[in-house]
Every structure is written in C-alpha cells, then in structure tokens.
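Coordinates in review
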Amino acid sequence: MNSKKGIILIFISTIMFGSYGVWSRLMGDSFGAFYQGWTRALIIVILLLPILLWKKQIIPIARKDLGWFAIFLFFTSLTQAPLYYAFNHMDIGSATLLFFVSMLLTMSFVGIMFLGEKNTKIKIISFFLAAIGLYTIFSFSLVVFSLLAASLAIVNGIASGGEVSFSKKLSGNYSALYLTWTSWVVIVLTNAPISFLLGEVQHLPSLDIVWGYQIGYTIASILGFWLIIEGLKYTEASIGGLIGLLEIVFSVLFGIILFKEELTLRVLTGALLIIAAASLPHVWNLSNSLRNNNNRKLL
C-alpha cells in the first residue's frame, strides 16, 4: 500500500515539474527572466521559513562545508532565468529535452569526477545515448530556434545537474528542506540585483492574471519538490527515477495540447534516446534488486 502511495505522489510531482514550461509561456514577456526568478524565489523563501524554524533545521554552516556550499549555490543561482528565456523562445518540449539531457550528462560527469562514483558499462552506454539525443535535438533546435534559447536551455541543465550532484556533499549534514531553502535564498540574492541592473520592470504584486500565473508557478515548484521527496520515502529510488521520466512526457504533451507545438520525427527520436539513456541505470538497479530479493527467498 505504501509503495502505491509513493508511486502516486511521484507521478503527481512529474505533472508539477512538467508544467514549468506552461507557466513560463503563460507569463511570457510580461515578467523579465530574472524578475520572475527572484520574486518567485522570495515567495518560496518566506513560505518555507516558518517550517524550518518550527522543525529547528536552520543551523550554522560548518567551516569544512563552506567550499561545497559555495559550489552548490553557484550552480543554484543559474537555475531559473535561462530556462524561462528558453521556454519563451522555443518549443517547450525541445527546451525540456535539451535541459534534461544536459542535466543528465552533468550529473554523470560530476558523480565520476568529484563524488567517487564508478563509471560502469551501463553509465557509459547511457552517456552515449544521451549525447546522441542531445545532438539530435540541439541540431534541430539551431535550425528552428535561436542559438541563444537552445544554449540557455543547456546552461540551465548544467546548472541543475551541478546543483543536484553537489548537494550530495551536504545532504548528510543538512536537511533537504534546508538545502532547498538556501538555494532559493541565493536565487533572490543573485537574480534580484541582475534584474535591477538590466532595467527589468519591477512589477508590484497585484491581482492581475500574470501574477496569478506566477503564483501557479510557485505552487507547482513547492508541490513538485515536496511530492517527490515524500514519495521517495515509500518506494525505491530506482522506481522513483523511472516514474520521474514522465516529466519529459508531460512537458512535451502540454506543449502540443496547449500551444499547438509540433512533435517532429527528429525531436521524437531525440526524446526516445534521452528517455532510454535516463532509464537504463534505473532499470538495471531495479532488475538487480529484484534478482537479489529472489535469491534471498530461495535461500
């Protein structure tokens, strides 16, 4: 029963994450790329602060962790504005695929180079499949969309991959909620000054439809994070990872249904390669887990 609960929670989280492109497109050029990032981050920081205080999870950062925190927060600071721009200047599906595969490749690279993870055959196969998928989508994107939009989708993927990977250096000593809160704090501190320097319009909060979209984006961000963390408590990480791939599917579907985007054969091919690359390690771990459980039963 608990496993089913975990699967349902993670499934809903993929809908939340898959909707990011929808909220970005609905907001469009009404908000500047950095303005929407720092204002949404500020709302999340304010909402999460009472929970952290209640749980007493705000603790001083140890001196030995300062370097890793700096790296983690540097990558975090680049995770909002680039993808927002990409969503508004290219297809949501293509932007998501470019983002996802660059995040996947970055996580593999950081894991092997900095976290002591082994470079297994499955990871090598996944790496090449993801790289081929990236080339397929990126070459298509350069023909149809601007180099800047496609490049920023990749930059955001690299930043997100670095953020997630380097958080592993800190997650043993700090709660996931605290790390998430600090990441949104640094987005406020970095994106707000850039927004002002670029002369973006600083809209006052109001009851208009654009601010409604911003609140929707904020709710999706908070729910997506909470649902996947809560869901992983009840199911295996490998199963959660496989379900999490539905984020790509929902993102592409939202683009097709809501914004009449076309799914070309080239993009579909790249998408399937990327999904295969991302799912291989999870399928491998799941099959090993099932094999080990069967062996224990036989004993």
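In this numbering scheme, every chain counts its residues from 1 along its sequence in written order. In keeping with the predicted nature of the model, local features appear solely for residues at pLDDT of at least 70, side-chain atom pairs appear and are counted solely at 80 or more, and the whole-chain, interface and lining totals rest on all residues. No hydrogens and no water enter the side-chain calculation; it runs on all heavy atoms of the structure.

The subject of this paragraph is the environment of Thr106. Going along the chain from the N terminus, every DSSP run of H or I of four or more residues is numbered as a helix, and every run of E of two or more is numbered as a strand. If you trace the backbone, Thr106 turns up in helix 6 (residues 92–114). In this structure the C-alpha to C-alpha distance between Thr106 and Ile158, which are 52 residues apart in sequence, comes to 5.6 Å. Two residues qualify as a contact provided that any one of their heavy atoms is within 4.5 Å of a heavy atom in the partner residue. Not counting chain neighbours up to four residues away, the residues in contact with Thr106 comprise Gly157, Ile158, Gly161 and Gly162.

This brings us to unusual backbone geometry. Located in the positive-phi region is Lys56, a residue other than glycine, with phi close to 55°. Following the sequence through the fold, Lys56 ends up in the loop between helix 3 (33–55) and helix 4 (66–76). The backbone of Lys260 sits at a positive phi, close to 55°, despite the residue not being glycine. Within the element layout of this structure, Lys260 appears in the loop between helix 12 (246–259) and helix 13 (265–298). A relative accessible area of 68% places Lys260 in the exposed class. Remark: exposure states derive from per-residue accessible area (1.4 Å probe, protein chains only) relative to the maximum for the residue type, with buried under 20%, exposed over 50%, and partly exposed in between.

A few words now on the nonpolar core. Core analysis: the largest hydrophobic core is formed by 67 residues, its most contacted members being Leu98 and Phe100. Looking at which element gives the most residues to this core, the answer is helix 6, with 11 residues. If sequence neighbours within four positions are ignored, Phe100 has contacts with Leu245, Ile248, Ile274 and Ala278. Note on terminology: a nonpolar core comprises buried Ala, Val, Leu, Ile, Met, Phe, Trp, Tyr and Cys residues joined through side-chain atoms within 4.5 Å.

Working definition: rings of Phe, Tyr and Trp (its six-membered ring) pair if their centres are within 6.5 Å, and the pair is stacked with planes under 30 degrees apart, edge-to-face with planes over 60 apart, and tilted otherwise. Per the stated rule, a full pass over the model turns up 18 aromatic pairs. Seen from their ring centres, Phe17 and Tyr20 are 5.8 Å apart, and the 80° between their planes marks the pair as edge-to-face. Assessed through its relative accessible area of 18%, Tyr20 is described here as buried. Clustering of aromatic rings is evident, with ring pairs tying together Phe31, Tyr35, Trp38, Phe196 and Trp211. The rule is short: NZ of Lys or CZ of Arg within 6 Å of the ring centre and within 35 degrees of the ring normal puts a charge over the ring. One residue, Arg25, lies across the ring of Phe259, its end atom 5.1 Å from the ring centre. Lying over the aromatic face of Tyr217, Arg40 brings its terminal NZ or CZ to 3.7 Å of the ring centre.

Looking at the secondary structure, you find Ser19 in the loop between helix 1 (2–18) and helix 2 (20–27). Under the relative-accessibility criterion, Ser19 is labelled buried at 10%. Taking the C-alpha atoms as reference, Ser19 lies 25 Å from Val201; in sequence the two are 182 residues apart. Each residue touching Ser19, except ones within four places of it in the same chain, is listed here: Ala220 and Phe254. A 3.5 Å cut-off defines polar contacts: any pair of N or O atoms within that distance qualifies, except that in protein one atom must be a possible hydrogen donor and the other a possible acceptor, and neighbouring residues in sequence count only when both atoms are side-chain atoms. Polar side-chain contacts of Ser19 include one of 2.6 Å to the backbone oxygen of Met16.

Only protein atoms enter the 1 Å grid used here. Points where a 1.4 Å probe fits but cannot escape make up a cavity, open sets with protein on both sides within 12 Å along at least five of seven lines make up a pocket, and a residue lines them when an atom lies within 4 Å of a point. Grid points are joined across faces, edges and corners, and a volume is the space filled by probe spheres set on the points. Enumeration according to the criterion identifies one cavity of 30 Å³ or more in this entry. Its volume calculated, the largest cavity comes out at about 60 Å³. Lining the largest cavity are Asp91, Gly93, Ser94, Val252, Ile256, Glu261, Glu262, Leu263 and Val267. Contributing elements (two or more residues each) for the lining of the largest cavity: helix 6 and helix 12.

For helix 2, the complete set of buried residues consists of Tyr20, Gly21, Val22, Ser24 and Met27. Directly after helix 2, the chain includes Gly28, whose backbone phi takes a positive value near 55°.

The subject of this paragraph is helix 12. To estimate the expected span of a helix, subtract one from its residue number and multiply by 1.5 Å. The end-to-end C-alpha distance of helix 12 is 19 Å, a good match for the 20 Å that 14 residues give at a rise of 1.5 Å each. Taken together, the buried positions of helix 12 are Glu247, Ile248, Phe250, Ser251, Val252 and Gly255. Immediately downstream of helix 12, the backbone of Lys260 shows phi near 55°, a positive value.

With that settled, consider a nonpolar patch on the surface. Excluding any residue in a salt bridge, patches collect residues exceeding 30% relative accessible area, merging like charges within 9 Å and nonpolar Val, Leu, Ile, Met, Phe, Trp and Tyr side chains within 5 Å. Per-residue and other accessible areas follow the Shrake-Rupley method at a 1.4 Å probe size, with only the shown protein chains counted as cover for residues. What counts as a salt bridge is simple: a side-chain nitrogen of Lys or Arg found within 4 Å of a carboxyl oxygen of Asp or Glu. Residues Val249, Leu253, Ile256, Ile257, Leu258, Leu263, Leu265, Leu268 and Leu272 make up a contiguous nonpolar surface patch of about 790 Å² in total accessible area. Within the residue set of the nonpolar patch, elements represented by two or more residues are helix 12 and helix 13. Its place among the elements puts Leu258 in helix 12.

Right, let's talk about the side chain of Glu247 for a bit. Mapping Glu247 onto the fold places it in helix 12. Think of it this way: Lys and Arg go in the positive column, Asp and Glu in the negative one, and His and the chain ends go nowhere. Although Glu247 lies buried, it forms no salt bridge, and the closest oppositely charged side chain, Arg40, sits 12 Å away as judged by the N-O distance.

Among the secondary structure elements, Ser175 is positioned in the loop between helix 8 (147–166) and helix 9 (176–197). Ser175 sits in the partly exposed class, given a relative accessible area of 22%. Ser175 sits 117 residues away from Ile58 along the chain, and the two C-alpha atoms are 8.9 Å apart. Within the structure, Ser175 has its side chain in polar contact with the side chain of Gln57 (distance 2.8 Å).

Worth remembering: the numbers are spatial, not functional.
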